[in-house]
Amino acid sequence: MELTPLILLIPLFLSIGSFSSVVIYRLIAIEFSNTDINLFLPRSHCPKCKKNISFINLIPLVGYLLQKGRCMNCEEVISYKYPLYEFIHLITGIFIYLNFGINSISALIYILFTIFYILFECDLQKLFLPFYLNILISIFGFSIAFNGTIFHIESFGILTTSQFILSIYGFIGGYFILWFINICYKFLKEKDGIGGGDFLLLGGIGSLVGPFSLAPIIFIGSISTLFLTLCCKLNTSEELPLGSGLIAGLGIYLLARFFELSLHGLVI
């Protein structure tokens, strides 16, 4: 392992983590608050006193430590989630770099991780899955499958067809599994039980991993949803963060598959 690229990548990973926290905060604010805020304006500021944050305090991790976790103007507590997001992105980026190096595959994995992470937090906090990010997962899935074998969709010998067709089957399977479950629930309870964003999310996941990996992801994702609900002490009388659970299920499944292939010497 060369240290120089890693030293240069660390600030990048931290900065993307900081950027993702801004995107999460602003997407939720745009959707649920009557405000003029957008993804780019106004400048980063304290949500209580509205004072702009100085550039030095915008440096990932460093700014949080310099401010001792509080706004320097009004002493409002800064959420621990901001440095946490940055640290998670840093650890994930280092993991990707150590296992895949610096190439297009690594960049693609990291971009997908960032999109999934934003969706995970939005759904966990507000049961909100931004449409444009959600549909982007499927676009990535179809494009990857069509242009090459960056991610290999496993068919387990059941289907002999192209990666692109498997990706389409995966999207259709993922979308309509939850759609059908919701139709049955609506027939019995006369109301929706699963949001349309969850249909699209599982369809996007299916476009990445194919139809035959959906069953374990749904199983792990369902357990993860219950776990997140209990750990985060969410109101179980409302909707559960199924989208966050499915993303967690995908992550666990892919990690298990990665380490299984590594043990068999099939991952470079």
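An account of the accompanying structure is given in this report. Worth saying up front: this structure is predicted, and the values here are computed from it rather than measured. Numbers given to residues run from 1 along each chain, matching the order in which its sequence is written. Thresholds applied to this predicted model are a pLDDT of at least 70 for local features of residues and 80 or more for the giving and counting of side-chain atom pairs; totals over whole chains, interfaces and linings are not thresholded and use all residues. Water and hydrogen atoms were dropped before computing side-chain values, which therefore reflect all heavy atoms in the structure.

Side note on the packing of helix 5 (residues 131-147) against helix 7 (residues 196-209)
Phase 1: Axis definition: a line fitted to C-alpha atoms, limited for helices to the stretch in contact. Angles are taken between N-to-C directions and run from 0 to 180 degrees. Segments assigned H or I by DSSP are reported as helices when at least four residues long, segments assigned E as strands when at least two residues long, and all are numbered from the N terminus. Orientation of helix 5 relative to helix 7, taken along the N-to-C sense of each, is 20°, at an axis distance of 8 Å. Relative to helix 7, the element helix 5 lies roughly parallel. For the element pair helix 5 and helix 7, the recorded crossing hand is left-handed. In this structure, helix 5 contributes Phe131, Asn134, Ile135, Ile137, Ser138, Gly141, Phe142 and Ile144 to the contact, and helix 7 contributes Gly197, Leu200, Leu201, Gly203, Gly204, Ile205, Ser207 and Leu208.
Phase 2: Residue polarity follows a fixed list, in which Ala, Val, Leu, Ile, Met, Phe, Trp, Tyr, Cys and Pro are nonpolar, Asp, Glu, Lys and Arg are charged, and the others, Gly among them, are polar. Of the residues belonging to the contact of helix 5 with helix 7, the class tally is nine nonpolar, seven polar and no charged. Any angle that is under 35 degrees is reported as roughly parallel, and any over 145 degrees as roughly antiparallel; angles of 65 to 115 degrees are reported as roughly perpendicular and all others as oblique. The sense of a crossing depends on the near helix, which, turned anticlockwise from the far helix by less than a right angle, makes the crossing left-handed and, turned clockwise, makes it right-handed. Should any heavy atoms of two residues lie within 4.5 Å, those residues are considered in contact.

Section: unusual backbone geometry
Phase 1: The residue Lys68 is not glycine, and still its phi comes out positive at about 55°.
Phase 2: Residue placement: Lys68 occurs in the loop between helix 2 (62-66) and helix 3 (81-100).
Phase 3: Unusually for a residue other than glycine, Glu75 sits at a positive phi of about 70°.
Phase 4: You can see Glu75 is positioned in the loop between helix 2 and helix 3.

Comments concerning the packing of aromatic side chains
Phase 1: By convention, a stacked pair of Phe, Tyr or Trp rings (six-membered ring in the case of Trp) has centres within 6.5 Å and planes under 30 degrees apart, an edge-to-face pair has planes over 60 apart, and any other such pair is tilted. On inspection of all chains with the given rule, the structure shows 18 aromatic pairs.
Phase 2: Their ring planes at 50° and their centres at 5.7 Å tell us that Phe100 and Phe258 sit as a pair that is tilted. Highlighted residues: Phe100 in helix 3 and Phe258 in helix 9 (residues 242-263), separated in sequence by 158 residues.
Phase 3: For every residue, the accessible area (1.4 Å probe, protein chains only) is compared with the maximum for its type, and the residue is labelled buried under 20%, exposed over 50%, or partly exposed between those bounds. Phe100 sits in the partly exposed class, given a relative accessible area of 27%.
Phase 4: Owing to a relative accessible area of 12%, Phe258 belongs among the buried residues under this scheme.
Phase 5: Seen in terms of ring centroids, Phe113 and Tyr117 are 5.8 Å apart; in terms of plane orientation they differ by 40°. Their pairing is tilted. Here the residue Phe113 and the residue Tyr117 both occupy positions in helix 4 (residues 104-126), the gap between them amounting to four residues, near one helical turn.
Phase 6: A residue is classified by how much of its surface remains accessible, and Tyr117, at 10% relative accessible area, is buried.
Phase 7: Put simply, the rings of Phe142, Phe146, Phe164, Phe171, Tyr175, Phe176, Trp179 and Phe199 pair up and form one aromatic cluster.

A look at the environment of Leu201
Phase 1: Among the structural elements, Leu201 can be located in helix 7.
Phase 2: Setting aside its immediate chain neighbours within four residues, Leu201 contacts Phe116, Leu119, Leu129, Asn134, Gly243, Leu246 and Ile247.

Some details on empty space enclosed by the protein
Phase 1: Points on a 1 Å grid, built from protein atoms alone, make a cavity when a 1.4 Å probe fits but cannot get out and make a pocket when they are open with protein on both sides within 12 Å along at least 5 of 7 lines; residues with an atom within 4 Å of a point are the lining residues. Grid points are joined across faces, edges and corners, and a volume is the space filled by probe spheres set on the points. Counted by the stated rule, this structure contains one cavity of 30 Å³ or more.
Phase 2: Here the largest cavity defines a volume of roughly 30 Å³.
Phase 3: The wall of the largest cavity is formed by Gly141, Ile144, Ala145, Phe151, Ile153, Ser207 and Leu208.
Phase 4: Where the lining of the largest cavity is concerned, the elements lending two or more residues are helix 5 and helix 7.
Phase 5: Per-element accounting of the lining of the largest cavity gives the leading share, three residues, to helix 5.
Phase 6: Partitioned by chemical class, the residues of the lining of the largest cavity number five nonpolar, two polar and no charged.

Concerning the nonpolar core
Phase 1: By convention a nonpolar core is built from buried Ala, Val, Leu, Ile, Met, Phe, Trp, Tyr and Cys residues, the set being connected through side-chain atoms within 4.5 Å. Counting residues in each nonpolar core, the largest one holds 36 residues, and the members touching the most others are Phe116, Leu119, Leu201 and Ile205.
Phase 2: Going through the elements one at a time, helix 1 (3-32), helix 4, helix 5, helix 7, helix 8 (214-231) and helix 9 are the ones with two or more residues in this core.
Phase 3: The leading source of residues in this core is helix 4, at 10 residues.
Phase 4: Excluding anything up to four places from it in sequence, Ile205 contacts Phe116, Ile137, Ile217, Leu246 and Leu250.
Phase 5: Leu6, Phe13, Tyr97 and Tyr110 belong to the second largest nonpolar core, which has nine residues in total.

Topic: the layout of surface pockets
Phase 1: If you add up the space inside the second largest pocket, you get close to 980 Å³.
Phase 2: For the second largest pocket, the lining is made up of 39 residues, of which Ser21, Val22, His45, Ile53 and Tyr82 are closest to its centre.
Phase 3: A total of 10 residues in the lining of the second largest pocket trace back to one element, the largest contributor, which is helix 1.
Phase 4: Classifying every residue of the lining of the second largest pocket gives 23 nonpolar, 11 polar and five charged.

Points about helix 1
Phase 1: For helix 1, with 30 residues, the first-to-last C-alpha span of 44 Å sits near the 44 Å given by 1.5 Å per residue.
Phase 2: Fitting axes to the seven residues that end at a residue and to the seven that start at it, the angle between those axes gives the bend at that residue. The axis of helix 1 is deflected most strongly, by about 25°, at Leu9, and proline Pro11 appears within four residues downstream. By this rule the span expected of a helix is its residue count minus one, scaled by 1.5 Å.

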